[in-house]
Amino acid sequence: MAAKISILGFAGSMRQGSYNRALLRAALEVVPPEAELAIFDLEGIPPFNQDLEDQPVAKVKEFKAQIKAADALLIATPEYNYSMPGVLKNAIDGASRPPGDNAFAGKPVAIMGASIGMLGTGRAQYHLRQSCVFLNMYPLNQPEVMVPFAQEKIDPKGRVTDPKTREKIKELLESLVAWTRRLRGY
Ligand SMILES: Cc1cc2nc3c(=O)[nH]c(=O)nc-3n(C[C@H](O)[C@H](O)[C@H](O)COP(=O)(O)O)c2cc1C
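A. Highlighting the site of the ligand. Around the ligand sit 13 residues, and of these Ser13, Arg15, Ser18, Asn20 and Asn81 come closest. A distance of 2.8 Å is found between an oxygen atom of the ligand and a backbone nitrogen or oxygen belonging to tyrosine 19. Isolated, the ligand exposes 620 Å² of accessible area, and the fraction of that covered by the protein chains is 74%. Here the shell around the ligand is built from residues that sort into 5 nonpolar, 6 polar and 2 charged.

B. Main features of helix H2 (residues 58-69). Relative to the 16 Å expected for 12 residues at 1.5 Å per residue, H2 spans 16 Å between its end C-alpha atoms, a close match to the ideal helical length. Those residues of H2 that sit buried are Val60, Phe63, Lys64 and Ile67. Taken down its axis, H2 places every buried residue within 95 degrees of arc, on the same side. Of the residues in H2, the exposed ones pointing more than 90 degrees away from the buried face are Ala58, Lys61 and Ala69. The elements touched by buried residues of H2 are strand S1 (5-11), strand S2 (35-40), strand S3 (72-76) and helix H3 (86-95).

C. Region of interest: the nonpolar core. In this structure, Ile7, Leu23, Leu74, Met112 and Ile169 are the most contacted members of the largest nonpolar core, which totals 28 residues. Elements represented by at least two residues in this core include exactly S1, helix H1 (19-30), S2, S3, strand S4 (108-114), strand S6 (145-147) and helix H5 (163-184). The next biggest cluster of nonpolar side chains, apart from the first, holds 24 residues, and it includes Leu8, Leu42, Phe104 and Cys132.

D. Looking closely at the pattern of salt bridges. Going through the model one piece at a time under the given rule, you end up with 11 salt bridges. Here aspartate 101 ties to lysine 68 by a salt bridge, and the two come within 2.6 Å at their closest N and O atoms. With aspartate 101 in the loop between H3 and S4 and lysine 68 in helix H2, this pair connects stretches of sequence that are 33 residues apart. Accessibility expressed as a relative area gives 26% for aspartate 101, which makes it partly exposed. Assessed through its relative accessible area of 42%, lysine 68 is described here as partly exposed. Among the ionic pairs, lysine 170 bridges to glutamate 174, the shortest N-O distance being 3.4 Å.

E. Representation of the packing of H1 against H5 in the model. Across the interface, H1 lies against H5 with an axial gap of 9 Å and an inter-helix angle of 65 degrees. Here H5 runs roughly perpendicular to H1, going by the angle between their axes. Between H1 and H5 lies a crossing of right-handed hand. In this structure, H1 contributes Leu23, Ala26, Ala27, Glu29 and Val30 to the contact, and H5 contributes Thr165, Arg166, Ile169, Lys170 and Leu173. Tallied by class, the residues present in the contact of H1 with H5 amount to 6 nonpolar, 1 polar and 3 charged.

Calculation rules
Residues numbered from 1 in each chain as written. Predicted model: local features only at pLDDT ≥ 70, side-chain atom pairs only at ≥ 80, totals over all residues. Heavy atoms only, no water. Near = heavy atom within 4 Å. Polar contact = N/O pair within 3.5 Å; in protein donor to acceptor, adjacent residues only side chain to side chain. Areas by Shrake-Rupley, 256 points an atom, 1.4 Å probe, with all protein chains shown as cover. Nonpolar A, V, L, I, M, F, W, Y, C, P; charged D, E, K, R; others polar. Helix = DSSP H or I, 4+ residues; strand = E, 2+ residues; numbered from the N terminus. Expected span 1.5 Å × (residues − 1). Buried < 20%, exposed > 50% of the residue type's maximum accessible area, 1.4 Å probe, protein only. Arc of directions from axis to C-beta. Contact = heavy atoms within 4.5 Å. Core = buried A, V, L, I, M, F, W, Y, C linked by side-chain atoms within 4.5 Å. Salt bridge = Lys/Arg side-chain N within 4 Å of Asp/Glu carboxyl O. Axes fitted to C-alpha atoms, helices over the stretch in contact; angles between N-to-C directions. Parallel < 35°, antiparallel > 145°, perpendicular 65-115°, else oblique. Left-handed = near helix turned anticlockwise from the far one by under 90°.

Spelled out as structure tokens, the structure:
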């Protein structure tokens, strides 16, 4: 039997009631049987200082190690001021350094996001995709999972209650598994 595809998920929000963390929890419930999903919490990653990039703190080392060990990544991004939040960009910057040790290189990645606005993080996702180019990642093109008006689809307990959103997350994970296998040639 083939080994399971390991997926590492993280969200660019540290808010307790985060809609994007809720998307990741929903993903845990619909992950395909041939894959496994672990969630990494970005809380505790310090602001990036290039003077210290050769000696990252333990939390950044752990983040890089988990990214490297994963077959694929799943990123849930909020949209802040028409872009990805600083928390997410900062974490990505830290794990991409120092030169020659970019943890993201060659990783397949699926992107999703939830916002209270009507475009469901579309603008943030395209900025994130731009970073994926420089990081030499392989972002999945489709499906695009952009969840608008998240407050109507995620209940106060942080559960994704909208069946269509749950279905889209499932489809995204299935496509990520197929994409990862395709890139690896098995
Ligand atoms: C600093 C800041 C900027 C924001 N900018 C946007 C934006 O550009 N587009 C948008 O749809 N929502 C924007 N929002 C609202 C977010 O969609 C909303 O706060 C959402 O809940 C954040 O994701 P989270 O629930 O995972 O924390 C912004 C919120 C904050 C705090």
